[in-house]
Amino acid sequence: MKKLALALVAIVLALVVYSVVSATQSTEEVKKTVPKKPTTQTVSVTADDISKGQLVLINADHEVNDKAVPEDLVTLSKHPKLIKNFTTADDSIKISRDMLSAFQQMIHDAKKDNVTHFVINSSYRSKKVQAELYRTKGADIALPAGASEHNLGLSMDIGSSLGLMENAEEGKWLAKNAAKYGFILRYPSDKTDITGIQYEAWHFRYVGLPHSLIMQKRDWVLEEYMNYLKKHDALKTTVNGMTYTIEHHDVKATGTTTIEVPLEQSYTVSGDNDQGVILTIWNPQEDPQQQEAANQTTTTKKQQ
Ligand SMILES: [Zn+2]
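Residues numbered from 1 in each chain as written. Predicted model: local features only at pLDDT ≥ 70, side-chain atom pairs only at ≥ 80, totals over all residues.

1. Focus: the sheet that holds strand E13 (residues 276-282)
Line of reasoning, step 1. Here we have four strands laid out as an open sheet, ordered E9-E10-E13-E12, and antiparallel in their pairing. Among the strands making up the open sheet, the edge pair consists of strand E9 (235-239) and strand E12 (266-271). Strand-to-strand twist in this sheet, taken as the mean axis angle between neighbours without regard to direction, amounts to 25 degrees.
Line of reasoning, step 2. Here E12 runs beside E13; their pairing, made up of six bridges, is antiparallel. (Pairing = 2+ DSSP bridges. Helix = DSSP H or I, 4+ residues; strand = E, 2+ residues; numbered from the N terminus. Axes fitted to C-alpha atoms, helices over the stretch in contact; angles between N-to-C directions.)

This is the structure:
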């Protein structure tokens, strides 16, 4: 009986091995006939996209498109819980929630350096309010409606309750650190010939990461950054351990423009408010935080 049982086990094993081998072979054969997987994904944009997004350039030659105004504007006085670690100049201040959370993170960190007297003096202004400001204050103080970044809703005038921003610790801290949080000092003293605007120690524009850090590192204002991207194929940079590719693409005035992006890469699209869009591409697999988590998982497995 034992011999018979052993013989049966041997037969069963042989069958299993045979079926596994043939299954592997057939999978390989199938693989050979499958057409090649696509290596890119297609991004479709239209002329409407040129004037929207975090990188749009606003100045005397590039006006704000009404469609570009963020949809997440809130009136701060109606949401007192959002007013934390700063004060506001008045009850009418409207601001983008996205930008506000970057600002809150920033001043939370400033607090660690004992810099705590931040005031929001102004953020989003409608074109109507801007026109009134231009009429009452004049061309030396205010920009005409549509030519101010405040009409876009992605900038803010930040003050200090201790005095003028150019002298206050709040101004000095922001000039040095704001880029880490996606903000840029939009009108520096040494770039007035390019921006066409006097030095404003208080006016910060939100462009997001990695753009703010690139601009700070290369000492570019937004005009210079956009110019560079238009003239070059792509800019590659590593910020906080993540590699980004930033490229400008012209967009057709009518119809759809398609752009190829490598598959499985993350990307954002922003208009340049001139002739095209800027694609910011990165590999989500490269996320340093995710990698850290993956490494921890591997270590746990090894211990088991
Ligand atoms: Zn301003």
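2. A word on helix H2 (residues 97-112)
Line of reasoning, step 1. For H2, built from 16 residues, the straight-helix expectation of 22 Å at 1.5 Å per residue is met to within 8% by its first-to-last C-alpha distance of 23 Å.
Line of reasoning, step 2. Those residues of H2 that sit buried are Met 99, Leu 100, Phe 103, Met 106, Ile 107 and Ala 110. Down the axis of H2, the buried set is contained in an arc of 125 degrees. They therefore lie on one face. Set apart from the buried face of H2 by more than 90 degrees, the exposed residues are His 108 and Lys 112. (Expected span 1.5 Å × (residues − 1). Buried ≥ 20, exposed ≤ 12 C-beta atoms within 10 Å, placed from the backbone. Arc of directions from axis to C-beta.)

3. Comments concerning unusual backbone geometry
Line of reasoning, step 1. A cis geometry characterises the amide bond from Leu 209 onward to Pro 210, with omega recorded as 5 degrees.
Line of reasoning, step 2. Within the secondary structure, Pro 210 is located in the loop between strand E8 (203-206) and helix H6 (211-218).
Line of reasoning, step 3. With a phi angle near 60 degrees, Asn 114 is a residue other than glycine that sits in the positive phi range.
Line of reasoning, step 4. Assignment of secondary structure puts Asn 114 in the loop between H2 and strand E5 (118-122).
Line of reasoning, step 5. Judged by the 8 C-beta atoms lying within 10 Å of it, Asn 114 is exposed.

4. Description of the sheet that holds strand E6 (residues 155-160)
Line of reasoning, step 1. Taking strand neighbours across the sheet as the criterion, the five strands line up as E3-E5-E6-E8-E7 in an open arrangement whose pairing is mixed. Two strands bound the open sheet, and with one partner strand each, they are strand E3 (86-88) and strand E7 (183-185). With strand direction ignored, the average angle separating the axes of adjacent strands in the sheet is 35 degrees.
Line of reasoning, step 2. Pairing of E5 with E6 involves four bridges; the strand directions are antiparallel.

5. Notes on the confidence of the model for the chain
Line of reasoning, step 1. Looking at the chain, the pLDDT average stands at 88 and 84% of residues meet or exceed 70.
Line of reasoning, step 2. Across residues 297-304 the pLDDT falls below 50, and counting only partners more than four positions away or on other chains, this stretch makes zero contacts in the model. (pLDDT = per-residue confidence, 0-100. Contact = placed C-beta atoms within 7 Å.)

6. A short note on the pairing of E6
Line of reasoning, step 1. Burial of E6 is extensive: five of the six residues sit out of reach of the surface.
Line of reasoning, step 2. Strand direction decides the pairing type here: E6 and E8, joined by three bridges, are antiparallel. Following the sheet pairing, Met 156 is matched in E8 by Phe 204.

7. Things to note about the environment of Leu 213
Line of reasoning, step 1. Topologically, Leu 213 is positioned in helix H6.
Line of reasoning, step 2. Placed 29 residues apart in sequence, Leu 213 and Ile 184 show a C-alpha to C-alpha distance of 8.5 Å.
Line of reasoning, step 3. Residue contacts for Leu 213: discarding those within four places in its chain leaves Ala 179, Lys 180 and Val 239.

8. Structural notes on the nonpolar core
Line of reasoning, step 1. Judged by nonpolar contacts, the single largest core of 52 residues is most densely connected at Met 106, Ile 158, Ala 178, Phe 183, Ile 184 and Phe 204.
Line of reasoning, step 2. Here this core gets six residues from one element, more than from any other, and that element is H2.
Line of reasoning, step 3. When residues of this core are sorted by domain, at least three fall in each of domain 1 (38-55 + 232-304) and domain 2 (59-206).
Line of reasoning, step 4. Those residues within four positions of Ala 178 in sequence are excluded, and the remaining contacts are Met 106, Phe 183, Ile 184, Leu 185 and Phe 204. (Core = buried A, V, L, I, M, F, W, Y, C linked by C-beta atoms within 7 Å. Domains from an automatic or database assignment.)

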